[in-house]
Amino acid sequence: MAEKEIQFRKKRELGDIITDSFEFLKQEYNPVSKLVFTYVFPFVLIYGILQVYVQMRVMVNIDFTDQETMLANIGPIYMNVFLSSLFGLFVQSLLPGTYYSYIEIYVKKGKGNFELSEITPLLFSNGLLALGANLVLFIAVMLGVIMCILPGLYIANTLSIVVIILIFEKKRLGDALTRSWNLVNSQWWNTLLINLLGLLIVGAVSFVISIPSMLAGIGSNIFSLQETATTEYPDWYWVLIGTATIVSTIFYVIPYTFLAFQYFNLDERTKISQPPVQHLQD
């Protein structure tokens with residue numbers, strides 16, 4: 001059966017957003033995979049290695065039974081975690097920047113009417129837009145979390161479509177933040193459910209991959225003769241930790257797809273709700 005082109009610019013209910021998202025990923029799996037693995041995966045691989053390195057440094061240098069040594073080593077550890085988080089932010093900007101570039105051309109030209117080479121010129125500018133938006137969003141969410149968890153959750157959800165607005169509407173950052181605020185607040189709870197479902201899927205994938213490593217960690221701590229945090233784990237444990245990071249990062253294309261369909265859904269609903277302009281006759 002021939003695959004049909006999926007129309008993004010369409011009003012959808014919550015269930016339709018989920019089903020159409022998976023249908024789009026199913027149909028466009030090959031070109032999207034080729035694009036992501038060419039331009040994004042090398043950085044995701046570095047990010048996975050970096051995460052393993054940071055965790056190994058934490059386990060080797062932090063001994064909770066020796067408070068003095070722990071306090072002496074915690075500064076460099078914090079710096080490693082901070083740098084790893086910054087690189088993770090870069091990766092989580094490069095991925096949607098690349099993926100939304102594909103959707104942008106798909107929406108403009110239609111299914112099968114373009115080559116991947118047409119997307120390449122968009123990657124740098126869209127990735128940069130995503131990075132700037134994510135930096136502002138990260139700061140805003142952190143400030144909200146510091147005030148209380150709920151403000152952070154509210155800000156994260158309300159501004160969750162800023163990146164796609166920047167890419168599709170080419171607005172300035174301030175205008176994109178306002179636009180996201182207005183659109184999401186028209187269906188705030190639906191957007192929250194979409195975000196939570198996407199995160200649950202990514203978390204479930206990461207959890208399943210991490211089960212053997214978690215069991216290894218529990219077993220090592222139970223049977224270790226030393227009651228310290230310096231237990232040595234087998235190499236395959238660290239391979240699984242890195243694999244879980246890499247796979248879960250790539251799987252973020254699922255919540256990004258949810259948000260893309262939600263953005264167009266909200267945009268279409270806003271257009272429908274606006275009354276036509278009446279032109280006065282002389």
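Overview of the structure. What you are looking at is a predicted structure, and each value in this text was computed from that prediction instead of being measured.

Observations concerning the overall build of the chain
- Counting its secondary structure elements, the chain contains 11 helices and 0 strands.
- The order of helices and strands in the chain, counted from the N terminus, is α-α-α-α-α-α-α-α-α-α-α.
- By residue count, 42% of the 282 residues in the chain fall in the buried class.
- Of the contacts formed within the chain by residues at least 6 apart in sequence, a portion of 76% connects residues at least 24 apart.
- For the chain, the accessible surface area stands at approximately 15800 Å², while carbon and sulfur atoms represent 67% of it.

Observations regarding the packing of aromatic side chains
- Applying the stated criterion to the full structure yields 23 aromatic pairs.
- The rings of Phe 8, Phe 24, Tyr 102, Tyr 106, Phe 114, Phe 168, Phe 261, Tyr 263 and Phe 264 are connected pair by pair, giving a single aromatic cluster.

Topic: a nonpolar patch on the surface
- On the surface, Phe 138, Ile 139, Met 142, Leu 143, Val 145, Ile 146 and Ile 149 cluster together to form a nonpolar patch covering roughly 690 Å² of accessible area.
- The dominant element in the nonpolar patch, judged by the number of residues it contributes, is helix 5 (residues 120–147), at 6 residues.

Here we look at the nonpolar core
- Grouped together as the largest cluster of nonpolar side chains are 56 residues, with contacts concentrated most on Phe 24, Tyr 99, Tyr 100 and Ile 161.
- In terms of residues, this core owes the most to one element, helix 11 (residues 253–273), which gives 10 residues.
- In this structure, Tyr 99 is in contact with Phe 24, Leu 25, Val 32, Val 253, Tyr 256 and Thr 257, ignoring residues within four places of it in sequence.
- Grouped together as the second largest cluster of nonpolar side chains are 5 residues, Val 52, Tyr 233, Trp 238 and Ile 241 included.

Some remarks on the side chain of Glu 28
- Structurally, Glu 28 is set in the loop between helix 1 (14–27) and helix 2 (29–39).
- Of note is the side chain of Glu 28, whose polar atom sits 2.4 Å from the side chain of Tyr 102.
- The contacts of Glu 28, once residues within four sequence positions are left out, are Tyr 102, Tyr 106 and Lys 111.

Some thoughts on the packing of helix 6 (residues 149–158) against helix 8 (residues 173–186)
- Orientation of helix 6 relative to helix 8, taken along the N-to-C sense of each, is 100°, at an axis distance of 8 Å. One way to sum up the angle between helix 6 and helix 8 is to call them roughly perpendicular. On helix 8, the residues that touch Tyr 154, Asn 157 and Thr 158 of helix 6 are Ser 180, Trp 181, Val 184 and Asn 185.

Focus: the pattern of salt bridges
- As enumerated under the stated definition, the model contains 10 salt bridges in all.
- For Asp 20, the salt bridge identified is with Arg 12, shortest N-O distance 2.6 Å.
- A salt bridge links Glu 169 to Arg 179; the shortest N-O distance between them is 3.0 Å. A residue pair is termed long-range when its members are at least 10 positions apart, and Glu 169 in helix 7 (residues 162–169) and Arg 179 in helix 8 qualify at 10 residues.
- On the basis of relative accessibility, which here comes to 21%, the residue Glu 169 falls in the partly exposed class.
- Overlapping salt bridges bring together Glu 169, Lys 171, Arg 179 and Asp 267 as one network.

Parameters and conventions
Numbers given to residues run from 1 along each chain, matching the order in which its sequence is written. Local features in this predicted model are restricted to residues whose pLDDT is 70 or higher, and side-chain atom pairs enter the listing and the counts only when it is 80 or higher, whereas totals over whole chains, interfaces and linings include all residues. Hydrogens and water molecules were not included; the side-chain quantities draw on all heavy atoms of the structure. Each helix corresponds to a stretch of at least 4 residues labelled H or I by DSSP, and each strand to a stretch of at least 2 residues labelled E; elements are numbered beginning at the N terminus. The cut-offs for exposure are 20% and 50% of the maximum accessible area for each residue type, with area from a 1.4 Å probe on protein chains only; residues under the lower value are buried, those over the upper are exposed, and the others partly exposed. The criterion used for residue contact is that any of the two residues' heavy atoms lie within 4.5 Å. Each accessible area is a Shrake-Rupley estimate made with a 1.4 Å probe; only the visible protein chains count as cover when residues are assessed. Aromatic pairing here means that ring centres of Phe, Tyr or Trp (its six-membered ring) are within 6.5 Å. Orientation follows from the plane angle: under 30 degrees is stacked, over 60 is edge-to-face, and everything else is tilted. Within the patch definition used here, like charges are joined within 9 Å and nonpolar side chains (Val, Leu, Ile, Met, Phe, Trp, Tyr) within 5 Å, considering only residues with over 30% relative accessible area and no salt bridge. When a carboxyl oxygen of Asp or Glu is within 4 Å of a side-chain nitrogen of Lys or Arg, the pair counts as a salt bridge. In this text, buried Ala, Val, Leu, Ile, Met, Phe, Trp, Tyr and Cys residues form a nonpolar core when linked through side-chain atoms within 4.5 Å. Polar contacts, as counted here, are pairs of nitrogen or oxygen atoms within 3.5 Å of one another; within protein the pair requires one atom able to donate a hydrogen and one able to accept it, and residues that are adjacent in sequence qualify only if both atoms are side-chain atoms. Structural elements are reduced to axes, namely lines fitted to C-alpha atoms, with helices fitted over the stretch in contact, and the angle between N-to-C directions of any two is expressed from 0 to 180 degrees. Any angle between 65 and 115 degrees counts as roughly perpendicular, while under 35 counts as roughly parallel, over 145 as roughly antiparallel, and the rest as oblique.

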